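For reference, the chains in residue letters:
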Amino acid sequence: MIPQLEQLYKVAPLYQELFPKQLELALNPNRFTASLTGSRAGKTTACAVIALQELLSNPNSLGVYLALTDKSVANIFMPIIRPLLAKYNIKAKITADDIQLSNGSKLIVLGANHIHKVETFRGLKLRFCIIDECASFNQKILNYLIDEIMIQRLSDLQGRLMLIGTPAAHCSGLFYDVTNNMEEGWGLVNWTVFDNPYMTKQALSDVELYMRRKLC
């Protein structure tokens, strides 16, 4: 093992779950980061690992993970979180809306598909906010969420804002601008399924099948 990684894993053991591109996102020095990834590239796993490690490293902290809907949280995010908690013997109390760790930290997990949900974050002091599937968000909600609420909630602790998602059919909106270098001040880490060592073989097989279909 590379000595620097060995030292990192001693202080941030969950980062062992990340492959190089995911780790690059986790260690990006920018407060505001964004990632455009392909499908099955492991973006939500990166979100889960980064969120848990940040809260474990900072007791009595508050973080937020936002998905498109509450069902997205329940069906996509939580099945990744639960095995991580078990594997690393992390004591936590899980409810529909949050994950409370034994060190006093808490991860709020919500779907942000309605403005009234977004408004409930006013007054909080956040260590970080991770917004998943940004390209599919209602653009009015996403802009309002970031500009009018989250920037202020992150200000006290100089917390991190992370936008992540897969490409959308429309080529417009804040996430598109950020991930295409049309907005200043963001650290960008983009990757595809072929950077994911757990999916490379399957992805290559799918590409082969697709090409056979198209050449028939």
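Look up a bit, the structure's there.
Below is a summary of the structure that appears in this document.

**Description of the overall build of the protein**
Logical step 1: Within the protein one finds eight helices and eight strands.
Logical step 2: Compactness check: the protein gives a C-alpha radius of gyration of 18 Å against a globular reference of 17 Å for 216 residues, within 12% of the reference.
Logical step 3: Based on the C-alpha atoms only, the size of the protein along its principal axes is roughly 60 × 45 × 35 Å.
Logical step 4: Across the 216 residues of the protein, 45% fall into the buried class.

**A few points about the packing of helix 3 (residues 43-57) against helix 4 (residues 70-87)**
Logical step 1: Look at helix 3 against helix 4: their axes get within 9 Å of each other, and the N-to-C directions meet at 50 degrees. Considered as vectors, helix 3 and helix 4 are oriented oblique to each other. Judged by the twist between their axes, the crossing of helix 3 over helix 4 is right-handed. In this structure, helix 3 contributes Thr44, Thr45, Cys47, Ala48, Val49 and Leu52 to the contact, and helix 4 contributes Ile76, Phe77, Ile80, Ile81, Leu84 and Leu85.

**Side note on the pairing of strand 2 (residues 62-67)**
Logical step 1: Counting buried positions along strand 2 yields six of six residues, so the element is predominantly enclosed.
Logical step 2: Side-chain alternation along strand 2 places Leu62, Val64 and Leu66 on one buried face and Gly63, Tyr65 and Ala67 on a second face that is also buried.
Logical step 3: Judged from the six bridges that link them, strand 2 and strand 5 (residues 106-111) form a sheet pairing that is parallel. Within strand 5, the position partnered with Val64 by the bridge is Ile108.
Logical step 4: Here strand 2 runs beside strand 6 (residues 128-132); their pairing, made up of four bridges, is parallel.

**So, unusual backbone geometry**
Logical step 1: A positive phi angle, near 55 degrees, is found at Glu133, a position not held by glycine.
Logical step 2: Residue position: Glu133 is located in the loop between strand 6 and helix 6 (139-155).
Logical step 3: The phi torsion at Asn181 lies on the positive side, around 60 degrees, for a residue other than glycine.
Logical step 4: The topology assignment puts Asn181 in the loop between helix 7 (174-179) and strand 8 (187-188).
Logical step 5: Owing to a relative accessible area of 64%, Asn181 belongs among the exposed residues under this scheme.

**With respect to helix 3**
Logical step 1: A rise of 1.5 Å per residue sets the reference length of helix 3, with its 15 residues, at 21 Å; its end C-alpha atoms lie 21 Å apart and thus fit the reference within 8%.
Logical step 2: For helix 3, the tally of buried residues reaches 11 of 15 residues, placing the bulk of the element in the interior.
Logical step 3: The complete set of buried residues in helix 3 reads Lys43, Thr44, Ala46, Cys47, Ala48, Val49, Ile50, Ala51, Leu52, Gln53 and Leu55.

**Considering the packing of aromatic side chains**
To describe a pair of aromatic rings, one takes the distance between the centres and the angle between the planes.
Logical step 1: This structure, assessed with the given rule, holds three aromatic pairs.
Logical step 2: Geometrically, the ring pair formed by Phe19 and Trp191 is edge-to-face, given 6.3 Å between the ring centres and 90 degrees between the ring planes. Of the two residues, Phe19 is situated in the loop between helix 1 (3-11) and helix 2 (20-26) and Trp191 in the loop between strand 8 and helix 8 (200-215); the sequence distance between them amounts to 172 residues.
Logical step 3: A residue is classified by how much of its surface remains accessible, and Trp191, at 2% relative accessible area, is buried.
Logical step 4: Ring centres of Phe32 and Trp186 lie 5.4 Å apart, and the angle between their planes is 40 degrees; this geometry places the pair in the tilted category.

What counts and what doesn't
- Residues numbered from 1 in each chain as written.
- Predicted model: local features only at pLDDT ≥ 70, side-chain atom pairs only at ≥ 80, totals over all residues.
- Heavy atoms only, no water.
- Helix = DSSP H or I, 4+ residues; strand = E, 2+ residues; numbered from the N terminus.
- Rg over C-alpha atoms; globule rule 2.2 N^0.38 Å.
- Buried < 20%, exposed > 50% of the residue type's maximum accessible area, 1.4 Å probe, protein only.
- Axes fitted to C-alpha atoms, helices over the stretch in contact; angles between N-to-C directions.
- Parallel < 35°, antiparallel > 145°, perpendicular 65-115°, else oblique.
- Left-handed = near helix turned anticlockwise from the far one by under 90°.
- Contact = heavy atoms within 4.5 Å.
- Pairing = 2+ DSSP bridges.
- Expected span 1.5 Å × (residues − 1).
- Phe/Tyr/Trp six-rings, centres within 6.5 Å; stacked < 30°, edge-to-face > 60°.

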